[in-house]
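Each chain, letter by letter, is given below.
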Amino acid sequence: MCRLASSKMAFTFAAFCYILALILTAVLIFFVIFHIIAFDELKTDYKNPIDQCNSLNPLVIPEYAIHILFTVLFLLAGQIGTVIFNLPLIVYHIKRYLNRPVMSGMGLYDPTTIMNADELGRAQKEGWVKLGFYLVSFFYYLYSMIYVLVSSTA
């Protein structure tokens with residue numbers, strides 16, 4: 001008689017981190033798509049800069065906090081490769097926030113300078129690069145989650 005070996009998948013903290021990162025990365029993808037659409041609306045003069053900056057600025061800190069949150073969780077889970085993968089964007093976010101225009105509130109986008117062609121072009125490029133990064137991250141987290149679940153048998 002041939003008996004099939006039963007393999008059990010162990011749900012580890014690393015697997016939880018990857019599942020959480022998958023969900024949160026989907027949220028970040030929606031944030032970035034919203035930014036890209038908003039900058040396109042500014043470029044085509046569909047909306048005024050004050051309204052657009054008022055809708056974009058409240059999303060900056062949550063985006064940064066979400067990204068830092070799951071990177072810290074990966075650090076606690078011992079997923080150093082994933083932490084190194086996320087570190088450049090975190091460093092960029094911190095540098096970008098520390099060098100933001102002087103404003104009275106939170107956020108990065110100043111209505112008086114956002115219509116400058118260089119600033120608007122830079123913001124659009126930043127949005128597209130972040131979209132690419134988050135899409136690659138999403139599939140990396142999906143693969144890593146499956147790998148962690150399958151490789152950690154109990």
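Note that the coordinates shown come from a computational prediction; the quantities given were computed from them, not determined experimentally.

Conventions we followed
Residues numbered from 1 in each chain as written. Predicted model: local features only at pLDDT ≥ 70, side-chain atom pairs only at ≥ 80, totals over all residues. Heavy atoms only, no water. Helix = DSSP H or I, 4+ residues; strand = E, 2+ residues; numbered from the N terminus. Buried < 20%, exposed > 50% of the residue type's maximum accessible area, 1.4 Å probe, protein only. Expected span 1.5 Å × (residues − 1). Bend = angle between axes of the 7 residues up to and from the residue. Contact = heavy atoms within 4.5 Å. Phe/Tyr/Trp six-rings, centres within 6.5 Å; stacked < 30°, edge-to-face > 60°. Salt bridge = Lys/Arg side-chain N within 4 Å of Asp/Glu carboxyl O.

1. Digging into the environment of glycine 132
Relative to the elements of secondary structure, glycine 132 occurs in helix α5 (residues 117-151). Among the residues examined, glycine 132 registers a relative accessible area of 31% and is labelled partly exposed.

2. Thoughts on helix α4 (residues 80-98)
Spanning 19 residues, α4 covers 26 Å between terminal C-alpha atoms, matching the ideal 27 Å at 1.5 Å per step. Of all the bends in α4, the greatest reaches close to 35° and is centred on leucine 87; the proline proline 88 follows between one and four positions later. Listing the buried residues of α4 in full gives Thr82, Val83, Asn86, Leu89, Ile90, His93, Arg96 and Tyr97. Residues of α4 that are buried in the fold lie against α1 (13-43), α3 (60-77) and α5.

3. Digging into the packing of aromatic side chains
Overall, the coordinates contain 14 aromatic pairs when judged by the stated rule. Here phenylalanine 39 and tyrosine 109 contribute two aromatic rings whose centre-to-centre distance is 5.2 Å and whose plane-to-plane angle is 70°, an arrangement assigned as edge-to-face. Of the two residues, phenylalanine 39 is situated in helix α1 and tyrosine 109 in the loop between α4 and α5; the sequence distance between them amounts to 70 residues. When the ring of tyrosine 64 is compared with that of tyrosine 97, the centres are 6.3 Å apart and the planes differ by 85°; the resulting orientation is edge-to-face. With tyrosine 64 in helix α3 and tyrosine 97 in helix α4, the pair connects residues that are 33 residues apart, well separated along the chain.

4. A short note on the pattern of salt bridges
Counted under the stated rule, the structure contains five salt bridges. For glutamate 119, the salt bridge identified is with arginine 122, shortest N-O distance 2.7 Å. Here arginine 122 and glutamate 119 lie together in helix α5, a separation of three residues that amounts to about one turn. The partner of glutamate 126 in a salt bridge is lysine 130, and the shortest N-O contact between them spans 3.3 Å. A residue pair is termed a helical-turn pair when its members lie 3 or 4 positions apart in one helix, as glutamate 126 and lysine 130 do in helix α5 at four residues. With respect to class, glutamate 126 is no different from lysine 130; both count as buried. Look at the salt bridges and you will find they share partners, linking Glu63, Arg96, Glu119, Arg122, Glu126 and Lys130 into a network.

This is a description of form; function is not addressed.
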